[in-house]
Amino acid sequence: MAGIAVVFDFDKTIIDLDSDNWVVDELGATDLFNQLLPTMPWNFVMDRMMKELYAQGKTIDDIQEVLRRAPIHPRVVPAIKTAHSLGCDLRIVSDANLFYIETILVHLGIRDCFSEINTNPGYVNEEGRLRIFPFHDFQSSSHGCNLCPPNMCKGMIIERIQASLAKEGKKTMIYLGDGSGDFCPSLKLKDEDYVMPRKNFPVWDLICQNRSLVRAEIHEWNDGEELERVLLKLIETISLQESHSKSTWWLSVDCKMETIPMTAHEALPPALPVNQ
Ligand SMILES: Cc1ncc(C[n+]2csc(CCOP(=O)(O)O)c2C)c(N)n1
Ligand SMILES: [Mg+2]
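What you see is a predicted model; the values in this text were computed from it and never measured. (Residues numbered from 1 in each chain as written. Chains lettered and ligands numbered in written order. Predicted model: local features only at pLDDT ≥ 70, side-chain atom pairs only at ≥ 80, totals over all residues. Heavy atoms only, no water.)

1. Remarks on the coordination of the magnesium ion (ligand 2)
Right, so step 1: Each protein donor to the magnesium ion (ligand 2) is listed here as Asp-9 (OD), Asp-11 (O) and Asp-178 (OD); together their distances run 2.0 to 2.2 Å.
Right, so step 2: The sequence pattern formed by the donor residues of the magnesium ion (ligand 2) is D-x1-D-x166-D. Asp-11 shares its class with Asp-9; the two are buried. (Donors = N, O, S within 2.8 Å, 3.2 Å for Na, K, Ca; no water. Buried < 20%, exposed > 50% of the residue type's maximum accessible area, 1.4 Å probe, protein only.)

2. Quick look at the UniProt feature "binding site: Mg(2+)" (unreviewed entry) in the protein chain
Right, so step 1: UniProt feature "binding site: Mg(2+)" (unreviewed entry): in the numbering of this structure it lies at Asp-9, Asp-11 and Asp-178. These annotated residues cover 170 residues of sequence, and their C-alpha atoms lie no more than 8.2 Å from one another, placing them together at a single site. Put simply, the named residues that line the largest pocket are Asp-9, Asp-11 and Asp-178.
Right, so step 2: Once residues within four sequence positions are removed from consideration, Asp-9 is found in contact with Ile-14, Val-93, Lys-154, Leu-176, Gly-177, Asp-178 and Asp-182.
Right, so step 3: One polar contact links Asp-9 to Lys-154, side chain to side chain, over a distance of 2.7 Å.
Right, so step 4: Note on placement: Asp-178 falls in the loop between β6 (172-177) and α8 (183-188). (UniProt positions renumbered as here; feature names shortened; annotations may be inferred. 1 Å grid on protein atoms, 1.4 Å probe; cavity = no way out; pocket = protein on both sides within 12 Å on 5 of 7 lines; lining within 4 Å. Contact = heavy atoms within 4.5 Å. Polar contact = N/O pair within 3.5 Å; in protein donor to acceptor, adjacent residues only side chain to side chain. Helix = DSSP H or I, 4+ residues; strand = E, 2+ residues; numbered from the N terminus.)

3. Notes on the packing of helix α4 (residues 60-68) against helix α6 (residues 98-108)
Right, so step 1: Where α4 contacts α6, the two axes come as close as 9 Å, and the packing angle between them is 60 degrees. By the angle between their axes, α4 is oblique relative to α6. Classified by chirality, the crossing of α6 by α4 is right-handed. Listed contacts from α6 to Ile-60, Ile-63, Gln-64, Leu-67 and Arg-68 of α4 are Phe-99, Tyr-100, Thr-103, Ile-104 and His-107.
Right, so step 2: Its residues assigned to classes, the contact of α4 with α6 comprises 6 nonpolar, 3 polar and 1 charged. (Axes fitted to C-alpha atoms, helices over the stretch in contact; angles between N-to-C directions. Parallel < 35°, antiparallel > 145°, perpendicular 65-115°, else oblique. Left-handed = near helix turned anticlockwise from the far one by under 90°. Nonpolar A, V, L, I, M, F, W, Y, C, P; charged D, E, K, R; others polar.)

Here it is, written out as structure tokens:
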């Protein structure tokens, strides 16, 4: 199963809501958030919100306590653990931030299942305040993709992952997501890949409207139970195809080596004696 990479979006894919809104709402700062949003880019609003919460006396522990209560479907963690134990390379590509994602993954006991987390930087500074920055510094240059928000083009991240997987000999990618930011990476997937859009969420609508642009095989899911069922079934199917193509490869090597061809009766188990 070494040939499969599974790439997860985080908000509304692994957890069941948007982590930024969850923290802001649970800490009672929704009104200020809504006031600031029309005035500056999303990551700057979040960084400013962390400053305001710090000024109000909210600690890193308060933020982490809220994050540990983020709702998640009970089958998502088992699905991730199984995919990891089967040898898949699991990665995250998210427009949330590293501090929120790591806090939640550590709490769920699945941080070590992931080989890579691509997201907006987020860390606690020397004062004990959480700082949040854009993944892509759009003030110095644009990433140039008009499908994606200015701070992150998930499609570019997928292309980088594809290049690194090719070097490791990994052949198949499964991508799971829900949001409009997951459409661009879905378009980068190849014929042999799979995309799992969450049904009736923005990426699903975009894929349905632009089916001919998507080369990967499409498998929708509704909730964590379906996520688990569909994902594990795909992993099983891909693995069977992998082992089948390996065995046919060995057969063709045998033929090229001009070993004495096996006759049909030699290849089969001995026939049962008749009338004895
Ligand atoms: C113009 C604009 N609007 C909104 C956002 C923020 N944003 C969009 S989806 C999302 C959830 C991210 O998590 P995930 O990718 O894990 O679903 C966030 C935080 C933005 N960056 N730019
Ligand atoms: Mg999402």
